[in-house]
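Summary of the model geometry
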Amino acid sequence: ELSLSGGPDSTLQDFQLADPDALHDSGTVRPGGYVAADGALTEWWDASGAATCDDGSDPSSIGLEPGETVVCTFRYTKRGKILIDVVTDPSNDPQAFDLSLTGGPDGIAQNFQLADADAPHDSGTVRTGSYAAADGALTEWWNFVESTCDDGSDPSAIGLEPGETVTCTFRYLKRSRIVVVKVATPEDPQLFDFMVSGTHAESFQLDDDGDANAGMPDTWDALVDPGALTVVQADAGEAWDLTAI
C-alpha cells in the first residue's frame with residue numbers, strides 16, 4: 001500500500017505495487033512539493049532502510065522541478081520462519097524434550113518442549129539473520145542421534161535468508177532395558193558370575209539366598225543401547241546344574 005499526495009493540485013493517489021509491477025506513474029503534475037509514503041506492513045515484511053528518490057529528495061518532501069521526472073523507491077525484506085521438529089526411535093514415544101531457539105536481529109529466546117507426535121515448533125515470522133537451535137539435558141533413557149536442518153545449516157548456526165522457511169530436526173534413540181534374575185533351588189549364598197557383552201559390557205555376581213550374603217542382589221537391571229547383546233553365566237561348579245534360562 002502506497003500513496004502520493006501534495007502539489008499545487010492537492011494530488012491524492014492511493015495504489016498498490018508488487019516487485020514485478022511497472023512503476024506507478026503519477027501522470028503529469030505541476031511542479032511543487034509532494035509526499036510519497038507507504039502504509040502498514042504485514043508481519044512478513046520489514047522496510048529495508050529508508051526510501052529514496054533519485055534526485056536526492058526525501059520521499060516525504062519531494063521537490064518536483066519543471067520538466068523533472070523523479071523516481072522514488074521503497075525497499076522491503078521478507079521475513080522467514082524456523083520450524084523445529086523431534087523424531088524418536090521408536091516413533092510416537094510420549095517423551096517431551098527440552099529445546100530452544102535463540103538469536104537473530106531481535107535476540108529471540110524461545111524455550112519449549114516437543115514430543116515426536118507434536119507439530120513442529122514454529123518460530124513465527126522472524127527477521128533474516130543467524131539463529132541457534134539446541135536441545136537440553138536428556139534423561140538416562142535417551143541417546144541423542146543427530147540434529148540437521150533442511151537447508152544444510154548446522155542447527156547451532158542457522159543462516160535464515162529472506163523469505164526462507166528452515167526445518168531443523170532433532171533425532172533421539174530410546175535405550176532398552178535388560179534384567180537378569182538368578183533363581184537357585186534351594187536358596188543358597190553361592191555367588192554366580194555373569195558377563196554381558198555386545199552393545200553393553202559388564203560383569204557382575206548374583207546369588208539367591210534372600211539377600212543374606214552381605215546384601216548381594218539376585219537381580220541385575222540396566223539400561224543399555226539397542227542392539228545385539230549376549231548374557232553368559234560362568235560355570236558354577238559341579239555342585240550346580242543349569243536347569244533353565
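Scroll up to find the structure.
Only a predicted model underlies this, so the values are computations on that prediction, with no experimental measurement involved.

What counts, and where the lines are drawn
Residues numbered from 1 in each chain as written. Predicted model: local features only at pLDDT ≥ 70, side-chain atom pairs only at ≥ 80, totals over all residues. Heavy atoms only, no water. Disulfide = S-S within 2.5 Å. Helix = DSSP H or I, 4+ residues; strand = E, 2+ residues; numbered from the N terminus. Buried < 20%, exposed > 50% of the residue type's maximum accessible area, 1.4 Å probe, protein only. Polar contact = N/O pair within 3.5 Å; in protein donor to acceptor, adjacent residues only side chain to side chain. Contact = heavy atoms within 4.5 Å. Pairing = 2+ DSSP bridges. Phe/Tyr/Trp six-rings, centres within 6.5 Å; stacked < 30°, edge-to-face > 60°. Axes fitted to C-alpha atoms, helices over the stretch in contact; angles between N-to-C directions.

With that out of the way, let us pick up the state of the cysteines. Throughout the structure, instances matching the rule amount to 2 disulfides. The residue that forms a disulfide with Cys-53 is Cys-72, at a sulfur-sulfur distance of 2.0 Å. Measuring handedness by torsion sign, the sulfur bridge of Cys-53 and Cys-72 sits at about 100° and is right-handed. Placement of Cys-53 in strand β5 (residues 52–53) and of Cys-72 in strand β7 (residues 72–73) is noted, with a sequence separation of 19 residues between them. Residue classification places Cys-53 among the buried residues on the basis of a relative accessible area of 8%. Linked covalently through their sulfurs, Cys-149 and Cys-168 form a disulfide whose S-S length is 2.0 Å.

Mapping Asp-116 onto the fold places it in the loop between β11 (108–114) and β12 (121–122). Here the side chain of Asp-116 touches Thr-88 through a polar contact of 3.1 Å, side chain to side chain. Setting aside its immediate chain neighbours within four residues, Asp-116 contacts Val-86, Val-87, Thr-88, Ser-91, Asn-92, Asp-93 and Gln-95.

This brings us to the pairing of strand β9 (residues 81–89). Across 9 bridges, β9 lies against strand β16 (residues 165–174) in parallel orientation. Of the residues in β16, the one forming a bridge with Ile-84 is Cys-168. Relative to β12, β9 is paired through 2 bridges, and the arrangement is antiparallel. Within the sheet, the bridge partner assigned to Leu-83 lies in β12 and is Asp-122.

This part takes up the packing of aromatic side chains. Scanning the entire structure with this criterion turns up 6 aromatic pairs. Taking the centre distance of 5.3 Å and the plane angle of 75° together, the rings of Phe-192 and Trp-240 count as edge-to-face. Within this pair, whereas Phe-192 is found in strand β18 (residues 188–198), its partner Trp-240 is found in the segment after β21 (229–233), the two being separated by 48 residues in sequence. Residue Phe-192 shares its accessibility class with Trp-240, and that shared class is buried. Their ring planes at 5° and their centres at 5.5 Å tell us that Phe-194 and Phe-204 sit as a pair that is stacked. With a gap of 10 residues between them, Phe-194 in strand β18 and Phe-204 in strand β19 (residues 202–208) connect regions that are remote in the sequence. Both residues of the pair, Phe-194 and Phe-204, count as buried. Taken together, the ring pairs in this structure connect Phe-97, Trp-142, Phe-144 and Tyr-172 into an aromatic cluster.

Here the focus is the sheet that holds β18. With antiparallel pairing, 3 strands are arranged side by side in an open sheet as β19-β18-β21. Two strands close off the open sheet at either side, each with one partner strand: β19 and β21. The sheet shows a mean angle of 25° between the axes of neighbouring strands, taken without regard to direction. Pairing between β18 and β19: 6 bridges, direction antiparallel. Bridged to Asp-193 within β19 is Gln-205.

On to the pairing of strand β1 (residues 2–6). In terms of strand pairing, β1 meets strand β3 (residues 32–38) through 5 bridges, oriented antiparallel. Its bridge partner lying in β3, Gly-6 is registered against Tyr-34. Note that β1 and strand β2 (residues 11–15) share 5 bridges and pair antiparallel. Paired with Gly-6 across the two strands is Thr-11, which belongs to β2.

Keep in mind that these numbers describe shape and distance, not what the molecule does.
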